[in-house]
Number of protein chains: 2
Amino acid sequence: MSVLDKVLDRIDQDLDRSLDRLFSLLRIRSISTDPAYRDECRQAAEHLAKDLGTLGFDVSIRPTAGHPVVVGKGGNGPGPRALFYGHYDVQPVDPLDLWETSPFEPRIKNLGAGRKAIVARGACDDKGQLMTFVEACRAFKAVTGSLPLPITFMVEGEEECGSNHLFGFVREHAAELRLDLALVCDTGMWNPQTPAVTTSLRGLVYEEVRLRCADRDLHSGLFGGAAQNPIRVLAKVLAAIHDQNGRITIPGFYDGVRELPADICADLAALDLTAEEFLGQVGLKIPAGEKDRMLIEQISTRPTCDVNGIVGGYTGDGAKTVIPASASAKVSFRLVGDQDPEKISQAFRAFVRERLPADCAVEFSNFTSAAAIQLAYDNPALARARAALAAEWGKKAVTIGSGGSIPIVGEFRDVLGMDSLLVGFALDDDRVHSPNEKYDLTSFHKGTRSWARILAELAGG
Amino acid sequence: MSVLDKVLDRIDQDLDRSLDRLFSLLRIRSISTDPAYRDECRQAAEHLAKDLGTLGFDVSIRPTAGHPVVVGKGGNGPGPRALFYGHYDVQPVDPLDLWETSPFEPRIKNLGAGRKAIVARGACDDKGQLMTFVEACRAFKAVTGSLPLPITFMVEGEEECGSNHLFGFVREHAAELRLDLALVCDTGMWNPQTPAVTTSLRGLVYEEVRLRCADRDLHSGLFGGAAQNPIRVLAKVLAAIHDQNGRITIPGFYDGVRELPADICADLAALDLTAEEFLGQVGLKIPAGEKDRMLIEQISTRPTCDVNGIVGGYTGDGAKTVIPASASAKVSFRLVGDQDPEKISQAFRAFVRERLPADCAVEFSNFTSAAAIQLAYDNPALARARAALAAEWGKKAVTIGSGGSIPIVGEFRDVLGMDSLLVGFALDDDRVHSPNEKYDLTSFHKGTRSWARILAELAGG
């Protein structure tokens with residue numbers, strides 16, 4: 001029996017106690033955004049620190065201006081040295097009356113068809129996912145007396161309220177946190193049977209554009225026909241952003257967007273994500289992105305532009321015959337590959353300016369400017385993680401792109417110069433942030449086993 | 001000395017007393033929209049009824065569910081029988097602290113350069129204008145003992161709050177109000193030297209369009225690229241309404257729009273309204289209408305489309321990465337000539353529907369549907385009025401189109417089958433509805449003389 005097999009066996013034997021430990025953490029009401037739970041956040045940090053201490057980690061609870069960060073260092077050997085990131089805080093629980101049972105009294109619920117799930121606030125996000133990694137470390141420690149590679153835990157308590165103090169913390173402690181690879185367990189599987197590594201996170205440029213034409217609101221009877229209407233100008237600008245094939249027309253927009261490797265593209269095609277399946281759940285039918293791209297590309301590996309808000313003129317009930325002085329829109333871009341947020345922002349602004357009449361003034365604001373994250377498809381850690389996941393789940397592990405962002409991963413890259421391996425076991429129906437949050441028992445159990453296999457692979461197989 | 005000359009002379013001699021009578025009416029605080037002034041509205045109606053009674057009119061104060069309507073019938077002769085429309089109510093006076101003197105204590109203010117003005121609420125709109133007609137009748141009565149033609153006064157007290165009860169009143173009393181021609185004194189001159197007849201009033205179709213794509217708001221990271229965005233759809237629709245020459249592209253939109261007669265067009269061109277003059281006052285420079293039309297056509301004799309309001313998605317401070325479920329816009333059309341409001345509404349709705357993805361639903365509301373008013377350029381009353389005005393002011397009287405609407409004029413046409421002759425002496429700087437409303441003494445004096453000449457012309461010269 002190999003060391004890994006012994007570790008996996010240990011995980012199986014220890015499952016009930018692993019659940020007990022997870023339940024202890026879930027009972028702590030560590031709602032970070034509500035000051036009333038400040039002490040409970042501290043308690044969660046201390047609970048975790050104590051647990052890691054029993055595994056031989058050199059643990060410290062680092063204060064910040066907000067909730068503390070737990071840092072634990074353990075393991076020896078040649079590496080790669082891993083920085084594991086997770087968070088011990090959870091979302092608020094309201095509306096409380098929609099919970100079937102108390103959100104901080106975790107339980108196992110039988111979902112039918114052989115599925116069981118852990119139900120509690122944080123069962124998935126992120127206490128359940130965090131503990132898959134902790135339990136994998138524990139099994140290694142129990143079987144081998146040590147960890148398979150050097151591991152530093154960095155577990156924060158403010159992820160659900162914006163990680164406000166973590167960015168400064170990472171910069172301040174860059175020297176000790178700059179290791180070889182970050183491991184993040186805050187993502188999901190493709191579906192309950194198919195494991196996944198999230199290899200890309202789209203970036204985001206978020207702009208507001210405000211147009212002003214006349215110096216006051218005008219009567220549309222007296223001025224209509226001659227006075228420029230900023231809503232009309234804005235509509236022309238926004239309508240010009242996408243061509244009839246759903247492609248974005250801003251010059252230079254696609255600079256830095258790379259084609260997927262053929263094998264990755266084939267893997268995505270094999271997932272066969274249909275419009276009925278993905279869009280049908282929200283009442284839509286027709287993919288609105290680039291017509292020559294698969295739906296799964298449109299939502300993950302291709303850049304986008306969306307108008308997130310627009311307002312101008314009279315928006316109350318009934319009619320007002322006004323030509324407004326101003327109109328504004330919030331316009332955001334999801335970026336991929338090496339698209340440069342600053343260049344996208346400038347190109348967008350130039351695109352708008354070129355379309356304005358000479359008597360129409362414009363102001364811009366930028367709210368977000370973050371590049372995409374892309375784990376190189378030839379990164380050795382990726383191949384090892386995929387092999388480990390395939391071994392555990394009996395199915396090829398796909399690489400997927402996440403449409404949204406995880407800002408700290410950008411910090412790892414930009415401040416620490418580290419790639420991140422994003423592996424997680426969340427499922428689409430986990431009701432993260434909602435009442436009756438759950439985490440499949442299989443996600444927890446096989447997730448723990450998956451991390452054991454990944455650690456073994458990373459350590460050299 | 002002709003009868004008309006005697007009448008005009010009488011007007012000149014009687015000017016001070018005419019002003020005294022106007023001032024008496026101006027002192028009555030007949031603010032129709034504020035229930036606190038209900039008695040004063042009644043008092044204004046009674047004051048006017050009494051005055052018309054002294055001129056031999058058969059007067060009645062007709063109750064409505066709101067403020068009463070004064071009806072006075074006088075004069076004999078072959079006609080044309082004229083229905084004179086005016087209103088005795090005025091706008092509220094706030095902000096009171098911006099008035100140089102009390103709004104209901106009328107006075108003569110010296111404007112310099114020989115100009116004097118009557119300053120008070122209602123000095124122009126509409127007590128001053130109304131009294132030009134009353135005083136013309138008085139002068140005829142004084143000189144000839146009768147009126148030059150049969151005249152029915154209909155003076156309402158709710159014009160400033162929507163004429164809510166006048167429409168029903170007109171329908172109810174259509175038999176007695178259906179005469180040969182309506183005379184309305186609620187419009188303006190082209191400029192202080194140039195008299196004008198308002199021969200057209202643009203109609204109005206006012207629609208709201210509401211688009212719905214997904215059945216809920218979506219996260220732009222997760223769904224962006226694949227989910228249809230109703231703001232994007234709406235922008236495409238709105239942007240398609242005008243072509244690059246400012247022409248409206250909705251099929252059939254220009255049906256019923258007629259070219260101006262060459263002489264009328266030449267008259268308009270001679271007015272030489274410049275963008276600097278008209279648009280410069282509100283901070284604009286470039287006419288936004290049909291490029292092959294004069295500015296004065298764009299604002300008066302050509303149809304338009306304006307987006308009066310738009311809203312969708314997140315419109316608060318900062319950023320929210322949402323793809324909204326819905327977006328809406330208020331879209332209105334100013335109509336001219338024989339454009340059919342119902343057809344315009346249907347054509348617009350078809351235009352929108354043709355541009356919607358199959359999974360985007362639309363709802364429409366219509367708030368206004370009123371055809372344009374157009375006095376035929378060959379109407380004999382128009383030629384007579386223009387001749388009379390030219391004689392009084394020593395300058396050709398122009399025909400102008402008003403960009404806005406006067407709803408009761410539509411009722412006169414549709415319910416009573418009568419054309420309206422719109423003549424008035426307001427000037428652009430009269431501050432109608434604003435503090436320090438004024439009416440040039442010249443407007444009042446020569447306005448009275450103008451009506452005397454018009455009545456004489458209408459009666460057969």
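Residues take numbers from 1 onward in each chain, read along the sequence in its written order. For this description, chains carry letters from A and ligands carry numbers from 1, given in the order in which they are written. At least 70 in pLDDT is required for a residue's local features to be given in this predicted model, at least 80 for side-chain atom pairs to be given and counted, and no such filter applies to totals for whole chains, interfaces and linings, which use all residues.

1. Focus: the sheet that holds strand β14 (residues 361-370) of chain B
Strand pairing follows a simple DSSP-based rule, namely that at least 2 bridges must link the two strands. A run of H or I in DSSP becomes a helix once it reaches four residues, and a run of E becomes a strand once it reaches two; helices and strands are each numbered from the N terminus. Pairing in this open sheet of eight strands is antiparallel, and the strands run β14(A)-β9(A)-β13(A)-β11(A)-β11(B)-β13(B)-β9(B)-β14(B) from one edge to the other. Either end of the sheet is taken by a strand with one partner, and the two such strands are β14 (361-370) of chain A together with β14 of chain B. For this sheet, the mean angle separating the axes of adjacent strands, direction not counted, is 20 degrees. Where strand β11 (residues 304-313) of chain A lies against strand β13 (residues 326-335) of chain A, eight bridges are found, and the strand directions are antiparallel. Note on β13(A): the bridge partner recorded for Val307(A) is Val331(A). The contact criterion used is a C-beta to C-beta distance within 7 Å, with each C-beta placed from the backbone. Here, axes are lines fitted to C-alpha atoms. For helices the fit covers the stretch in contact, and angles between N-to-C directions go from 0 to 180 degrees. Sitting on the sheet, helix α8 (residues 230-239) of chain A is in contact with β9 (203-212), β11 and β13 of chain A together with β11 (304-313) of chain B, with an inclination near 15 degrees to β13(A). Lying over the sheet, helix α12 (residues 341-354) of chain B contacts β9 (203-212), β13 (326-335) and β14 of chain B, oriented at roughly 160 degrees with respect to β14(B).

2. Structural notes on the relation of the copies chain A and chain B
What sets the superposition is a least-squares fit of C-alpha atoms, and only residues with pLDDT of at least 70 in both copies go into it. Once chain A has been moved 0.1 Å along the axis and rotated by 180 degrees, it coincides with chain B to within an RMSD of 0.1 Å. The symmetry that links the two subunits is that of a two-fold axis.

3. Some words on the sheet that holds strand β4 (residues 107-112) of chain A
As a general point, the strands of a sheet are linked pairwise by backbone hydrogen bonds and lie either parallel or antiparallel. Residue and element names in this part refer to chain A. Sheet architecture is open: three strands sit in the order β4-β5-β18, paired in antiparallel fashion. Taken across any chain shown, the strands that pair with only one partner, and hence form the sheet edges, are β4 and β18 (438-440). Averaged over neighbouring strand pairs, the angle between their axes works out to 35 degrees when direction is ignored. In this sheet, β18 lies alongside strand β5 (residues 115-119) in antiparallel orientation, the contact comprising three bridges. Note on β18: the bridge partner recorded for Val-119 is Lys-438.

4. Observations concerning the interface of chain A and chain B
Facing the 68 residues of chain A at the interface are 68 residues of chain B. Of all the secondary structure elements, the ones that give two or more residues to the side of chain A that touches chain B are β10 (218-219), α7 (220-223), α8, α11 (295-300), β11, β12 (322-323), β13 and β14 of chain A. For the side of chain A that touches chain B, the element with the highest residue contribution is β11(A), accounting for nine residues. Relative to β11(B), β11(A) is paired through five bridges, and the arrangement is antiparallel. Its bridge partner lying in β11(B), Ile310(A) is registered against Gly312(B).

5. Structural notes on the pairing of β9(A)
All names here are of chain A. Comment: burial labels come from other C-beta atoms within 10 Å of the residue's own C-beta, placed from the backbone, where a count of 20 or more is buried, 12 or fewer is exposed, and between is partly exposed. Burial analysis of β9 places seven of its ten residues in the buried class, the great majority of the element. Pairing of β9 with β13, which is carried by ten bridges, proceeds in the antiparallel orientation. Among the inter-strand pairings, Arg-210 is bridged to a residue of β13, identified as Ser-328. Where β9 and β14 come together, nine bridges link them in antiparallel fashion. Paired with Val-209 across the strands is Phe-364, a residue of β14.

6. Observations concerning unusual backbone geometry
Residues and elements named next belong to chain B. In the segment running from Gly-79 into Pro-80, the intervening peptide bond is cis, with an omega of 5 degrees. Positionally, Pro-80 belongs in the loop between β2 (69-74) and β3 (82-87). Backbone torsion omega between Asp-125 and Asp-126 reads 5 degrees, so that peptide bond is classified as cis. Its location among the elements puts Asp-126 in the loop between β5 (115-119) and α4 (127-144). Even without being glycine, His-433 reaches a positive phi, approximately 75 degrees.

7. Some words on the domain arrangement of chain A
Residue and element names in this part refer to chain A. The start and end points of each domain follow an automatic or database-based domain assignment. According to the domain assignment, chain A consists of domain 1 (3-201 + 373-458) and domain 2 (203-257 + 303-370). For domain 1 and domain 2, the distance between their C-alpha centres works out to 40 Å. On the side of domain 2, six residues touch domain 1, which itself brings six residues to the contact. Polar here means any residue other than Ala, Val, Leu, Ile, Met, Phe, Trp, Tyr, Cys and Pro, which are nonpolar, and Asp, Glu, Lys and Arg, which are charged; Gly is therefore polar. For the side of domain 1 that touches domain 2, the residue count by class is one nonpolar, five polar and no charged.

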